[in-house]
Every structure is written in structure tokens, then in C-alpha cells.
Amino acid sequence: MTTSTGKICAFLIPSTCTADVWAGIVRTQLGPFMRRSFPNRSNRVILLDGEKVLRAPAAMSAYRDFNISLLPGWPANSPELNPQENVWPLAEAHLRNDFEDDSTDTFEDFQANIVYAVQN
């Protein structure tokens, strides 16, 4: 997640992410991040793709807990319009420059390196 002010929130999403899991992530990570990023706002608007889990009733309930609404009318599948997609080329450059190719790294090491690269 990148805010309009340039603040970044990066976290891992489980490979099998259900609506309830996503709602938990919203309540523990995304919602608090949005409150910290925009403390003087009573409402916050986010842009999400068309992934059903992100729009399920459990997720919508979690958004309401933090006064988060979804940007209406955004195409469901529009990577060329999504500013978050611009983060990946920068993160890839960090991964290539900051971390050696070490075949002993675990998948967990790789995940941690990705989160670090996105945040920097």
C-alpha cells in the first residue's frame, strides 16, 4: 500500500488468503496504517483491484471499522492504471542490488527481503 503522501505499508499476505484472513489484516495492519497516515481525516479512500476476497462482506466490515471506503468506479483489472504497480520495478532493483544471490536463503528470507525492498 502506498499513500498519496508517499508513505508505504508492506506486509505479507498468505498464499491462501480468505476473506476472514484479509479482514484480520485490515484490522491489524492496513487500518492502523491508514489512521497513522491520515490522522486528521475522518474518512479514508483506497484503491483496490477486483479480487473478490478484498470486497467480501468480512473485508467490507473491517474497512468500515476504520472508516475506509473503496474508490468507486475503478476497473476491476487495470494494472496500467494502478500506481502501486510502479513499486515493483523499484523493489526489484533493490532486491538485485542489496541482496546477494544466496542459494541457502529460505523462502522466509526471500519474503522478508521483498518487504524490505518495497519499503525502501
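Residues numbered from 1 in each chain as written. Predicted model: local features only at pLDDT ≥ 70, side-chain atom pairs only at ≥ 80, totals over all residues. Heavy atoms only, no water.

1. Regarding the overall build of the protein chain
Now for step 1: A count of helical and extended segments in the protein chain gives 4 helices and 2 strands.
Now for step 2: From first element to last, N terminus to C terminus, the protein chain shows the α and β order α-β-α-β-α-α.
Now for step 3: The proportion of buried residues among the 120 residues of the protein chain is 30%.
Now for step 4: Sequence separation of 24 or more characterises 60% of the internal contacts of the protein chain that already satisfy a separation of 6 or more. (Helix = DSSP H or I, 4+ residues; strand = E, 2+ residues; numbered from the N terminus. Buried < 20%, exposed > 50% of the residue type's maximum accessible area, 1.4 Å probe, protein only. Contact = heavy atoms within 4.5 Å.)

2. What to know about helix 2 (residues 57-65)
Now for step 1: Three or more residues of helix 2 are buried, namely Ala59, Ala62 and Tyr63. Projection of helix 2 onto a plane perpendicular to its axis shows the buried side chains occupying an angular sector of 100 degrees, all on one side. For helix 2, the exposed residues set more than 90 degrees away from the buried face come down to Pro57 and Arg64.
Now for step 2: Elements in contact with the buried residues of helix 2: helix 1 (19-37), strand 1 (44-46) and strand 2 (68-70).
Now for step 3: Asn67 occupies a position one or two residues after helix 2 and carries a positive phi of about 55 degrees. (Arc of directions from axis to C-beta.)

3. Here we look at the packing of aromatic side chains
Now for step 1: Per the stated rule, a full pass over the model turns up 1 aromatic pair.
Now for step 2: On the numbers, 6.2 Å between centres and 40 degrees between planes, the contact of Phe11 with Trp22 is tilted. Of the two residues, Phe11 sits in the segment before helix 1 while Trp22 sits in helix 1, which places them 11 residues apart along the sequence. Neither residue differs from the other here; Phe11 and Trp22 are each classed as buried. (Phe/Tyr/Trp six-rings, centres within 6.5 Å; stacked < 30°, edge-to-face > 60°.)

4. A look at the packing of helix 1 against helix 2
Axes are the key here: two packed helices are described by the angle between their axes and the distance separating the axes.
Now for step 1: Taken N-terminus to C-terminus, the directions of helix 1 and helix 2 make an angle of 20 degrees; their axes are 8 Å apart at the nearest point. If you check the angle between helix 1 and helix 2, you find them roughly parallel. Here helix 1 and helix 2 pass one another in a crossing that is right-handed. Contact with helix 1, carried on its side by Ala19, Asp20, Trp22, Ala23, Val26, Arg27 and Arg35, involves Ala58, Ala59, Ser61, Ala62, Tyr63 and Asp65 of helix 2 and no other residues of that element.
Now for step 2: Grouping the constituent residues of the contact of helix 1 with helix 2 by class yields 8 nonpolar, 1 polar and 4 charged. (Axes fitted to C-alpha atoms, helices over the stretch in contact; angles between N-to-C directions. Parallel < 35°, antiparallel > 145°, perpendicular 65-115°, else oblique. Left-handed = near helix turned anticlockwise from the far one by under 90°. Nonpolar A, V, L, I, M, F, W, Y, C, P; charged D, E, K, R; others polar.)

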